[in-house]
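Here's the letter readout for the chains.
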Amino acid sequence: MNAVDRLNVLKTYKLYVGGKFPRSESGRVYEVTAKTSAAGAAGKGKWLANAPLSSRKDARDAVVAARKAFGGWSGATAYNRGQVLYRVAEMLEGRRDQFTREVADAEGLSKSKAAAVVDATIDRWVWYAGWTDKIAQVVGGGNPVAGPFFNLSSPEPTGVVAIVAPQESSFLGLVSVLAPVIATGNTAIVVASENSPLPALSLAEVLATSDVPGGVVNVLSGRTAEIATPLAAHQDVNAIDLAGADEVLAKELEIAAADNLKRVLRPQPVDYAETPGIDRLTAFLETKTVWHPTGSLGASGSSY
């Protein structure tokens, strides 16, 4: 058969929940189009795909999956989590060309600029992979106390974290807010960029083949407010990152999140191309402090 006679096999994008790729339980989809401006300004271009339009039920299912995965992921060694994050970078490196195309369409960038974004995103995974077994030494340690006690502080993950992904930086921004959450042992539910969800949905395919246990990361696409609102109010979500919420939505989500005292990371101007600090690593960590009495050794009364 002549190559020009064949039909292209169009990709069907799906959600990523609990390590599986379901369609939205609602059966709904919405059109995703390319941005036409080289500067990445809003504008409709060619049709790219029909993305799943997630429902409140999909959001609840993602919370169940994230909670189920939390025990195993938070209980893994920090070194192991670092290996898993590095594996994600390895897999992305092998699919660099695919993500370059998707980022170029999603953000209205030239091929060279999109390639630079993808390279920076891969490097960002490596950067956070290196922090998994080091952050405890920075924010934890032994505390000097007056009395015969050991006093040790150590960081622990907050739990299930909902992430409203950045709207414009659909890949580098997404990874910049997701990677620190899972690097520190939390599990995540990502609400992908509403207008540019395809890089996030493709990233889910990489996560599924990168030793990331099912449920550690769950990816939903659709209307940001429709998905984020039930997540902010959900009693089994421990924290929420409002990186991609506008001012009005952020206020609504903060109010909803207050019901069970969720940790809330408010939206703030961020240049995702800059090297990140450790603020997002510590944003969803709790500090556990343990006191333990020192003991006497032998009749001399010496202690350790």
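Details of the sheet that holds strand β7 (residues 217–220)
Right, so step 1: Taken in spatial order, the five strands line up as β7-β6-β5-β8-β9 in an open sheet, and their pairing is parallel. This sheet does not close on itself; its edge strands, each paired only once, are β7 and β9 (263–265). If you compare each strand with its neighbour and ignore which way they point, the axes differ by 15 degrees on average.
Right, so step 2: Here strand β6 (residues 187–191) pairs with β7 via four bridges, running parallel.

Here we look at the pairing of β7
Right, so step 1: Residues Val217 and Val219 point to one face of β7 and Asn218 and Leu220 to the other, with burial holding for every one of them.
Right, so step 2: The parallel pair β6 and β7, bridged by helix α7 (residues 198–208), forms a crossover whose chirality is right-handed.

Description of the nonpolar core
Right, so step 1: Counting residues in hydrophobic clusters, the biggest one holds 60 residues, and the most contacted among them are Leu92, Trp125, Leu178, Ile182 and Leu203.
Right, so step 2: No other element matches helix α6 (residues 172–183), which puts nine residues into this core.
Right, so step 3: For Trp125, the residues in contact, after removing those within four places along its chain, are Leu85, Val88, Ala89, Leu92, Val175, Leu178, Ala179, Ile182, Leu203 and Leu207.
Right, so step 4: Ranked by size, the runner-up nonpolar core spans 26 residues in total, among them Ala59, Ala65, Val164 and Ala250.

Side note on the packing of helix α2 (residues 78–94) against α7
Right, so step 1: Where α2 meets α7, the axes come as close as 9 Å, and the angle between the chain directions of the two elements is 120 degrees. If you check the angle between α2 and α7, you find them oblique. Like other packed secondary-structure pairs, α2 and α7 cross with a definite hand, here right-handed. Residues Val88, Met91 and Leu92 of α2 pack against Leu203, Val206 and Leu207 of α7.
Right, so step 2: Split into classes, the residues belonging to the contact of α2 with α7 amount to six nonpolar, no polar and no charged.

Digging into the confidence of the model for the chain
Predicted coordinates in areas of low pLDDT are best not read in detail.
Right, so step 1: Summing up the model confidence of the chain, the mean pLDDT is 91 and the portion of residues at 70 or higher is 92%.
Right, so step 2: In the model, residues 38–42 has pLDDT below 50 throughout and makes eight contacts with residues more than four positions away in sequence or in other chains.

Here we look at the side chain of Ser169
Right, so step 1: Residue placement: Ser169 occurs in the loop between β5 (160–164) and α6.
Right, so step 2: Of the residues examined, Ser169 reaches a relative accessible area of 16% and is grouped as buried.
Right, so step 3: Of the polar contacts made by the side chain of Ser169, one reaches the backbone nitrogen of Gly173; its length is 2.7 Å.

Some thoughts on the packing of helix α8 (residues 224–233) against helix α9 (residues 247–257)
Right, so step 1: Two elements in contact, α8 and α9, have axes separated by 7 Å at closest approach and are oriented at 25 degrees. Of the possible angle classes, the one that applies to α8 and α9 is roughly parallel. Considering how the two elements wind past one another, α8 and α9 form a crossing that is right-handed. Touching Thr224, Ala225, Ala228, Thr229, Ala232 and Ala233 of α8 are Leu249, Leu253, Ala256 and Ala257, all from α9.
Right, so step 2: Residue classes in the contact of α8 with α9 are distributed as eight nonpolar, two polar and no charged.

Some words on the packing of aromatic side chains
Right, so step 1: In this structure the tally under the stated criterion is four aromatic pairs.
Right, so step 2: On the numbers, 5.9 Å between centres and 50 degrees between planes, the contact of Trp127 with Trp131 is tilted. With Trp127 and Trp131 both in helix α4 (residues 111–131), this residue pair falls four residues apart, about one helical turn.
Right, so step 3: Clustering of aromatic rings is evident, with ring pairs tying together Trp127, Tyr128 and Trp131.
Right, so step 4: Residue placement shows Arg67 over the ring face of Phe70; its charged tip is 5.7 Å from the ring centre.
Right, so step 5: We note Arg223 situated over the ring of Tyr30; from NZ or CZ to the ring centre the distance is 4.6 Å.

A closer look at the pattern of salt bridges
Right, so step 1: What the rule picks out here adds up to 13 salt bridges.
Right, so step 2: Residue Lys35 pairs with Glu168 through a salt bridge whose shortest N-O separation is 2.7 Å. One end of the pair, Lys35, is in the loop between β1 (29–33) and β2 (47–52); the other, Glu168, is in the loop between β5 and α6, and 133 residues separate them in sequence.
Right, so step 3: Note that Arg95 is salt-bridged to Glu205, the shortest N-O span being 2.8 Å.

Calculation rules
Residues numbered from 1 in each chain as written. Predicted model: local features only at pLDDT ≥ 70, side-chain atom pairs only at ≥ 80, totals over all residues. Heavy atoms only, no water. Pairing = 2+ DSSP bridges. Helix = DSSP H or I, 4+ residues; strand = E, 2+ residues; numbered from the N terminus. Axes fitted to C-alpha atoms, helices over the stretch in contact; angles between N-to-C directions. Buried < 20%, exposed > 50% of the residue type's maximum accessible area, 1.4 Å probe, protein only. Right-handed = clockwise from strand over helix to strand, strands pointing away. Core = buried A, V, L, I, M, F, W, Y, C linked by side-chain atoms within 4.5 Å. Contact = heavy atoms within 4.5 Å. Parallel < 35°, antiparallel > 145°, perpendicular 65-115°, else oblique. Left-handed = near helix turned anticlockwise from the far one by under 90°. Nonpolar A, V, L, I, M, F, W, Y, C, P; charged D, E, K, R; others polar. pLDDT = per-residue confidence, 0-100. Polar contact = N/O pair within 3.5 Å; in protein donor to acceptor, adjacent residues only side chain to side chain. Phe/Tyr/Trp six-rings, centres within 6.5 Å; stacked < 30°, edge-to-face > 60°. Lys NZ or Arg CZ within 6 Å of the ring centre and 35° of its normal. Salt bridge = Lys/Arg side-chain N within 4 Å of Asp/Glu carboxyl O.

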